[in-house]
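# An overview of the molecular structure
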Amino acid sequence: METLNIPNHLAIILDGNGRWAKKQNKPRTFGHKNGAENVVDIAIHAKKRGVKYLTLYAFSTENWKRPASEVDYLMKLLIKFVEKKIDQLMEEDCKINFLGDLSALPEPTRDAVNKALEKTKNNKSLFINIALNYGGRDEIVHAVKNIVEKGYRPDEITEDLISENLYTASIPDPDLLIRPGGELRISNFLIYQIAYSELYFTDVLWPDFDEDELDKALEAFANRNRRFGALDESN
């Protein structure tokens, strides 16, 4: 399938892993494992379709409230993901970046993060941002603190200055945000950056969100009329 208008920056909330596992009478961790397996397939397909930036919501600041055993599994899953998938991501020339407060992560998980950052730092075909211990409000607080610490006066604060102090500094705002899993909310994800992003919701759970489902979302995006607050002169 060909579409003329492909998002430069695509963001996805990786939702539905637990419910997917429950449907199969499996533990939630089984869903997380299969959800992680899906990440690279979708990333490669997005790259083939012309997406340049892909931001994935993997673990929020609120996810620490989940059972300790599940959180521990997710932290270890990231380590396994890096060990298993890093060579494939290198072959695809994908650069990995992480958004969020990484200082709160367990040391082995931080080591895996640093390994991914270092190994892929010179890649350029697709920039994959993994939101890890990330929250949109927390990001804004972080940005405001940075601005205050740098000594800016109130009259010097602009939208550009705030953007420059977000975790996504130097990354264009998302053109399209996809949320699989059937929920109709943003869940504190990129709340500053998605002011004019197109939103796409689907009932398909993340482990089942395949290349065809991504193509459906891209087709829907291609048919949107993005006005950014202006009037549609064709009407």
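Presented here is an overview of the structure given in this document. (Residues numbered from 1 in each chain as written. Predicted model: local features only at pLDDT ≥ 70, side-chain atom pairs only at ≥ 80, totals over all residues. Heavy atoms only, no water.)

## As for the pairing of strand E1 (residues 9-13)
- Buried residues dominate E1, accounting for five of its five residues.
- Of the two faces of E1, the one lined by His-9, Ala-11 and Ile-13 and the one lined by Leu-10 and Ile-12 are each fully buried.
- Relative to strand E2 (residues 53-60), E1 runs parallel, the two being bridged by five bridges. In the strand pairing of E2, Leu-10 is matched with Leu-54.
- As paired strands, E1 and strand E5 (residues 176-179) are joined by three bridges and run parallel to one another. Bridge assignment links Ile-12 to a residue of E5, and that residue is Ile-178. (Buried < 20%, exposed > 50% of the residue type's maximum accessible area, 1.4 Å probe, protein only. Helix = DSSP H or I, 4+ residues; strand = E, 2+ residues; numbered from the N terminus. Pairing = 2+ DSSP bridges.)

## What to know about the nonpolar core
- If you look at the biggest cluster of nonpolar residues, it comprises 45 residues, and the most contacted ones within it are Leu-10, Ile-12, Phe-98, Ile-128, Ile-178 and Leu-214.
- Top element by residues in this core is helix H3 (residues 68-91). It accounts for 10 residues.
- Apart from the residues within four sequence positions on either side, Leu-10 is in contact with Ala-46, Val-51, Tyr-53, Leu-54, Thr-55, Leu-176, Ile-178 and Leu-214. (Core = buried A, V, L, I, M, F, W, Y, C linked by side-chain atoms within 4.5 Å. Contact = heavy atoms within 4.5 Å.)

## Observations regarding the pattern of salt bridges
- Overall, the coordinates contain 16 salt bridges when judged by the stated rule.
- Residues Arg-153 and Glu-156 are paired through a salt bridge, measuring 3.3 Å at the closest nitrogen-oxygen approach.
- By relative accessible area, which is 46% here, Arg-153 ends up partly exposed.
- The residue Glu-183 makes a salt bridge to Arg-185 at a minimum N-O spacing of 3.2 Å. (Salt bridge = Lys/Arg side-chain N within 4 Å of Asp/Glu carboxyl O.)

## Regarding the sheet that holds strand E4 (residues 126-134)
- Pairing is parallel in the open sheet, where six strands are placed in the order E3-E4-E2-E1-E5-E6. In this open sheet, the two edge strands, each paired with only one partner strand, are strand E3 (94-99) and strand E6 (198-201). Strand after strand, the sheet turns through a mean of 20 degrees between neighbouring axes, direction not considered.
- Its contacts with the sheet put helix H7 (residues 211-222) on E1, E5 and E6, and the angle it makes with E5 is roughly 140 degrees. (Axes fitted to C-alpha atoms, helices over the stretch in contact; angles between N-to-C directions.)

The quantities given are spatial measurements derived from coordinates; they are silent on function.
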